[in-house]
Structures are given as C-alpha cells and as structure tokens.
Amino acid sequence: MIKIIIGKKGSGKTKKLVDLVNTAADESLGNVVCIEKGDTLTYSVTHKARLIDAESFGISGYGEYFGLLAGIKAGNNDVTHIFGDATLRIGTRDYGELAAFFERLSAIDDVEFLFTVSCDESELPEDIFKFAQKA
C-alpha cells in the first residue's frame with residue numbers, strides 16, 4: 001500500500017510524517033524505516049525507527065530510489081513501514097516518473113509506504129492515484 005501526503009512547502013507535511021513514523025515505530029511488530037534528504041530529522045524521529053539519509057548514499061532519481069527501497073525490504077523481511085520525506089527532491093519533479101515509481105513500488109508486498117509530495121494536489125496526474133492514495 002502506498003500513501004502520499006500532498007501539500008505545498010510549509011504546509012506541515014514533514015511534521016505529519018514524523019508523527020506517523022513515531023507512531024508506527026511504537027506500534028509495529030517489525031521494523032520501521034524513514035528515508036530523508038539531508039539530516040534534518042535526526043532529532044525528530046524516534047531511535048526505534050531506522051533513519052536513512054539518501055544523500056549519504058548518493059541516491060538521486062527514481063530508479064536509484066526504487067533500488068534503495070527494494071534493497072531495504074530484500075535485506076530485512078521484517079520491515080513493515082517505509083516512510084519517505086522530500087520525495088520530489090530525491091527523485092525529480094517529473095510527475096510521470098513519480099507515477100512509474102509508485103507503479104514499481106506497488107509490486108512490493110507486506111510493506112506500507114508513505115511519502116511526502118511537495119506540490120498542489122491539482123498538479124498531480126490521475127495515474128498517480130492508481131497506485132497511491134492520499135493520506
């Protein structure tokens with residue numbers, strides 16, 4: 001399942017994401033992972049969740065981002081939740097590529113994905129909502 005938090009910059013997407021990460025880490029019987037660009041969430045995300053800085057691994061573009069997420073799940077089958085902040089900054093602002101990324105991710109079972117997408121909902125094509133639902 002893929003969920004997205006949509007909103008313009010400064011609308012509270014990251015705060016909502018952090019709250020959801022911390023709740024999932026407290027309630028999950030498995031592992032919770034949060035991907036960010038930079039190290040801005042270090043003190044906000046609980047130590048119970050794995051925090052990964054995409055920049056420290058040179059991740060850019062949706063192909064590399066998908067590889068990172070698939071590798072996380074392949075390396076640890078106990079991962080129940082994967083959260084991603086700054087999705088468009090890690091990938092690109094090409095919404096067609098974002099839809100293709102979500103389509104590829106939808107094939108990964110037994111993980112709840114949640115991403116922040118910094119734009120107005122009206123900017124997103126309908127293809128995205130075939131694979132992702134608004135959180």
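So, a few notes on the structure that sits alongside this text. (Residues numbered from 1 in each chain as written. Predicted model: local features only at pLDDT ≥ 70, side-chain atom pairs only at ≥ 80, totals over all residues. Heavy atoms only, no water.)

Details of the sheet that holds strand 1 (residues 2–7)
Step number 1: If you walk across this open sheet you meet the six strands as 3-2-4-5-1-6, and the pairing is parallel. A single partner strand is all that each edge strand has here, and the edge strands are strand 3 (50–53) and strand 6 (133–134).
Step number 2: Sheet topology places strand 4 (residues 79–84) next to strand 5 (residues 112–118); four bridges connect them, and they run parallel. Bridge pairing in strand 5 links Ile 82 to Phe 113. (Pairing = 2+ DSSP bridges. Helix = DSSP H or I, 4+ residues; strand = E, 2+ residues; numbered from the N terminus.)

A word on unusual backbone geometry
Step number 1: The backbone phi angle of Ala 86 is positive, close to 60°, even though this residue is not glycine.
Step number 2: Among the secondary structure elements, Ala 86 is positioned in the loop between strand 4 and helix 3 (87–90).
Step number 3: For Ala 86, a relative accessible area of 12% translates into the label buried.
Step number 4: You will see that Asp 110, though not glycine, has its phi angle at about 65°, which is positive. (Buried < 20%, exposed > 50% of the residue type's maximum accessible area, 1.4 Å probe, protein only.)

So, the environment of Val 32
Step number 1: Mapped onto the fold, Val 32 is located in strand 2 (residues 31–36).
Step number 2: Val 32 gets classed as buried once you look at its relative accessible area, which sits at 4%.
Step number 3: Counting along the chain gives 79 residues from Val 32 to Val 111, while the straight-line C-alpha distance between them is 9.6 Å.
Step number 4: Leave out the neighbours within four places in its chain, and Val 32 touches Val 21, Ala 24, Ala 25, Ala 49, Arg 50, Thr 80, His 81 and Phe 83. (Contact = heavy atoms within 4.5 Å.)

Details of the packing of helix 2 (residues 62–75) against helix 4 (residues 95–105)
Step number 1: Here helix 2 crosses helix 4 at 20°, and the two axes come no closer than 10 Å. As judged from the angle between their axes, helix 2 and helix 4 are roughly parallel. The two elements helix 2 and helix 4 meet at a crossing, and its hand is right-handed. Across the interface between the two elements, Tyr 62, Gly 63, Tyr 65, Phe 66 and Leu 69 of helix 2 pack against Glu 97, Leu 98, Phe 101, Arg 104 and Leu 105 of helix 4. (Axes fitted to C-alpha atoms, helices over the stretch in contact; angles between N-to-C directions. Parallel < 35°, antiparallel > 145°, perpendicular 65-115°, else oblique. Left-handed = near helix turned anticlockwise from the far one by under 90°.)

Concerning the state of the cysteines
Step number 1: Across all of its chains, the model carries zero disulfides by this definition.
Step number 2: Free cysteine: Cys 119, not disulfide-bonded; nearest cysteine sulfur from Cys 34 at 19 Å.
Step number 3: Classification of Cys 119 by relative accessible area gives buried; the value is 1%. (Disulfide = S-S within 2.5 Å.)

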